[in-house]
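# Descriptive structure summary
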Amino acid sequence: MLETTIAAIRPADETAMAAARELHGRLTKPAGSLGALEDLSVRLAGLAGACPPPLPEPAAVAIFAGDHGVHAQGVSPWPQEVTAQMIGNFLAGGAVVNAFARQAGASVTVVDVGVATPLSAGPVPDPTVLDAAAPAPAVLDPAVPRLVVASVRRGTRDLAVTAALTRDEALAAVQTGIRIADELIDAGARILLTGDMGIGNTTPAAALIAAFTGVDALDATGRGTGVDDPTYAHKVGVVRAALARHAPDPTDPLGVLATVGGLEHAALAGLILGAAARRTPVLLDGVIAMSAALAAAAFAPDAVGAMVAGHRSAEPGATVALRHLGLEPLVDLGLRLGEGTGALLALPVVTGAVRVLHEVATFDSAGVAEK
């Protein structure tokens, strides 16, 4: 599945991009007056191979959840059980991502790709639970969050001690992300938004970012949920030591994901690859998504053409990843929550960029004189 997905990813369509630029030059506005929105709409035309590109509606948020063995190193003050508890909150509609998704009319799919706590023991409403083999919904329902149980293993191993995953486990997680992308697109989604949940997951994200970009662990590591100075220094040391122990090779993205990644990071990389293969845009959230995007780009450089950076996370590694990928974020609000929240806030900006090409009159059609 991974090989065929990568093979289907193509460069942007230059003809469609040229048509979008030409159309912008004829719309009733000063040339270039929409700034980054014009560049974004041109990129999306190139991705779709059409001008104008399809409106990015409906939108689907995919929240991949997993736990991390490195939690045992004391890199987060939050208990690991919170991962499963937050899944219950997502499914009950009580998290920030749910509030923002309702505002945007986006559906929410939560994917257990590696949660340590059995979900049956937590506050998970049984009627929404679908196993990995269950059929995808025919239509996305923004009113009802759903859970897909596709667990590869109950949390990763401790990357400070050994490889977090085997290559087969990392591959299984990537392929889960590809399958979810296909399901959501087949159900009608025209844009996918990345979400994540996993206590301790900013530590593997920092390791991934450092591994793929070559920056020092200090530059890639942030405070996550807001750790104090001693814990932050310890966290940087854990990341640095893990990189020294495993010496991940950035030209082997599956190996990097296996040694220092997480199951949700690998699945998000798969989601991005799956969307790129289907020429569907992916609106990236925060630092977890950015670390996954680096892996996706290492698998298939042309996958960057499907990526839209929703926001600039307050986590420093996110800016490192954005710079490496050559992406400019649409908003910068100092967010560091994850879940898909920043991507959802940026969604209207993406929609507006495309809607301009669909609905704004040209000078000729509106009878407006040009300068």
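Residues numbered from 1 in each chain as written. Predicted model: local features only at pLDDT ≥ 70, side-chain atom pairs only at ≥ 80, totals over all residues. Heavy atoms only, no water.

## Observations concerning the overall build of the protein chain
Convention followed: Secondary structure is summarised from DSSP: a helix means a run of H or I of at least four residues, a strand means a run of E of at least two, and numbering begins at the N terminus for each. Put simply, the radius of gyration uses C-alpha atoms, and a globule should come to 2.2 Å times the residue count raised to 0.38. Three labels apply to residues, based on accessible area from a 1.4 Å probe with only protein chains included: buried if under 20% of the type maximum, exposed if over 50%, partly exposed otherwise in between. In this analysis, two residues are considered to be in contact whenever any of their non-hydrogen atoms come within 4.5 Å of each other. Using a 1.4 Å probe, accessible areas were evaluated by the Shrake-Rupley method; residue-level cover was limited to the displayed protein chains. Asp and Glu are treated as the negative residues and Lys and Arg as the positive ones, with His and the ends of the chain left uncounted. Note on charges: their place is set at NZ of Lys, CZ of Arg, CG of Asp or CD of Glu.
For the protein chain, the count of helices and strands is 15 helices and seven strands. For the protein chain, whose C-alpha radius of gyration is 20 Å, the value lies close to the compact-globule estimate of 21 Å for 371 residues. Projecting the C-alpha coordinates of the protein chain onto the three principal axes gives extents of approximately 70 × 45 × 40 Å. Taking all 371 residues of the protein chain together, 56% fall into the buried category. Here the analysis covers contacts within the protein chain between residues at least 6 apart in sequence; of these, 78% occur between residues at least 24 apart. If you sum the accessible surface of the protein chain, you get close to 13900 Å²; carbon and sulfur atoms cover 56% of it. Here the protein chain holds 24 positive side-chain charges and 36 negative ones, and the gap between their average locations is 2 Å.

## Thoughts on the side chain of S291
Position of S291 among the secondary structure elements: in helix α12 (residues 287–299). Those residues in contact with S291 that lie beyond four places of it in its chain are A205, L208, I209 and H265.

## Structural notes on the pairing of strand β1 (residues 59–66)
For β1, the buried fraction is high: eight of the eight residues fall into the buried class. Every second residue of β1 is oriented toward a common face, with A59, V61, I63 and A65 on one face and A60, A62, F64 and G66 on the other, all of them buried.

## A closer look at the environment of G188
Within the secondary structure, G188 is located in the loop between α6 (167–186) and β5 (191–197). Through-space distance from the C-alpha of G188 to that of E57 is 8.5 Å; in sequence the pair is 131 residues apart. Those residues in contact with G188, other than ones at most four positions away along the chain, are P58 and L140.

## Here we look at empty space enclosed by the protein
Note the following rule: A 1.4 Å probe that fits but cannot get out identifies a cavity on a 1 Å grid over protein atoms alone, an open set with protein on both sides within 12 Å along at least five of seven lines counts as a pocket, and a residue lines either if it has an atom within 4 Å of a point. Grid points are joined across faces, edges and corners, and a volume is the space filled by probe spheres set on the points. Under this grouping Gly is polar, as are all residues other than the nonpolar Ala, Val, Leu, Ile, Met, Phe, Trp, Tyr, Cys and Pro and the charged Asp, Glu, Lys and Arg.
The final tally for this structure, using the stated rule, is two cavities of 30 Å³ or more. One number sums up the size of the largest cavity: a volume of about 60 Å³. What lines the largest cavity is I9, R10, P11, A12, L47, A276, R279, D302, A303, G305 and A306. Within the lining of the largest cavity, the residues separate by chemical class into seven nonpolar, one polar and three charged.

## Considerations on the packing of helix α10 (residues 253–260) against α12
Just so we agree on the cut-off: A fitted line through C-alpha atoms represents every axis, and for helices the fit uses only the stretch in contact; the resulting angles, taken between N-to-C directions, go from 0 to 180 degrees. With respect to orientation, any angle under 35 degrees is reported as roughly parallel, any angle over 145 as roughly antiparallel, any angle of 65 to 115 as roughly perpendicular, and every other angle as oblique.
Viewed as axis vectors pointing N to C, α10 and α12 meet at an angle of 150°, and their least axial separation amounts to 9 Å. Taken together, α10 and α12 sit at an angle that is classed as roughly antiparallel. Note on element contacts: α12 touches α10 through A295, A298 and F299, opposite P253, L254 and L257. A per-class count over the contact of α10 with α12 returns six nonpolar, no polar and no charged.

## A look at helix α9 (residues 229–246)
Applied cut-off: To estimate how far a helix should reach, multiply one less than its number of residues by 1.5 Å. Directions from the helix axis toward the C-beta atoms define the arc.
With 18 residues, α9 ought to run about 26 Å at 1.5 Å a step, and its terminal C-alpha atoms sit 26 Å apart, in line with that. Of the positions making up α9, those classed as buried are Y232, K235, V236, V238, V239, A242, L243 and H246. Seen end-on, α9 carries its buried residues on one side only, within an arc spanning 155°. Those residues of α9 that are exposed and aimed more than 90 degrees away from the buried face are D229, P230, A244 and R245. Next to the buried residues of α9 lie α7 (202–213), α8 (217–220) and α10.

## As for the pattern of salt bridges
A side chain of one charge can pair with a side chain of the opposite charge if their charged atoms are brought near each other. Just so we agree on the cut-off: Any Lys or Arg side-chain nitrogen found within 4 Å of a carboxyl oxygen on Asp or Glu counts as a salt bridge.
Tallied over the entire structure, the rule returns 14 salt bridges. In this structure, R278 and D182 form a salt bridge, with 3.1 Å as the shortest nitrogen-oxygen distance. Taken together, the positions of R278 in the loop between α11 (263–277) and β6 (282–284) and D182 in helix α6 put the pair 96 residues apart, joining distant regions of the chain. Judged by its relative accessible area of 26%, D182 is partly exposed.

## What to know about the packing of α7 against helix α13 (residues 316–325)
Selection criterion: For any pair of crossing helices, the crossing counts as left-handed if the nearer helix is rotated counterclockwise from the farther one by less than a right angle, and right-handed if it is rotated clockwise.
At a closest axis distance of 10 Å, the pairing of α7 and α13 adopts a crossing angle of 30°. Handedness of the crossing formed by α7 with α13: left-handed. Residues I209, F212 and T213 of α7 lie in contact with α13, whose contacting residues are G317, A318, V320, A321 and H324.

## Looking at the confidence of the model for the protein chain
Condition: In predicted models, pLDDT denotes the confidence assigned by the predictor to each residue on a 0 to 100 scale.
Averaged over the protein chain, the pLDDT score is 93; the fraction of residues at 70 or greater is 94%. Taken together, the stretch residues 125–129 has pLDDT below 50 and engages in eight contacts with residues farther than four places along the chain or on a different chain.

## Looking at the packing of aromatic side chains
Selection rule: Geometry of aromatic contacts follows a simple scheme: Phe, Tyr and Trp rings, the Trp one being its six-membered ring, pair when their centres are within 6.5 Å, and the pair is stacked under 30 degrees between planes, edge-to-face over 60, tilted otherwise. Ring-over charges, as used throughout, are those where CZ of Arg or NZ of Lys falls within 6 Å of the ring centre and within 35 degrees of the ring normal.
Across all of its chains, the model carries zero aromatic pairs by this definition. Above the plane of the ring of Y232 lies R223, whose end atom (NZ or CZ) is 4.7 Å from the centre.

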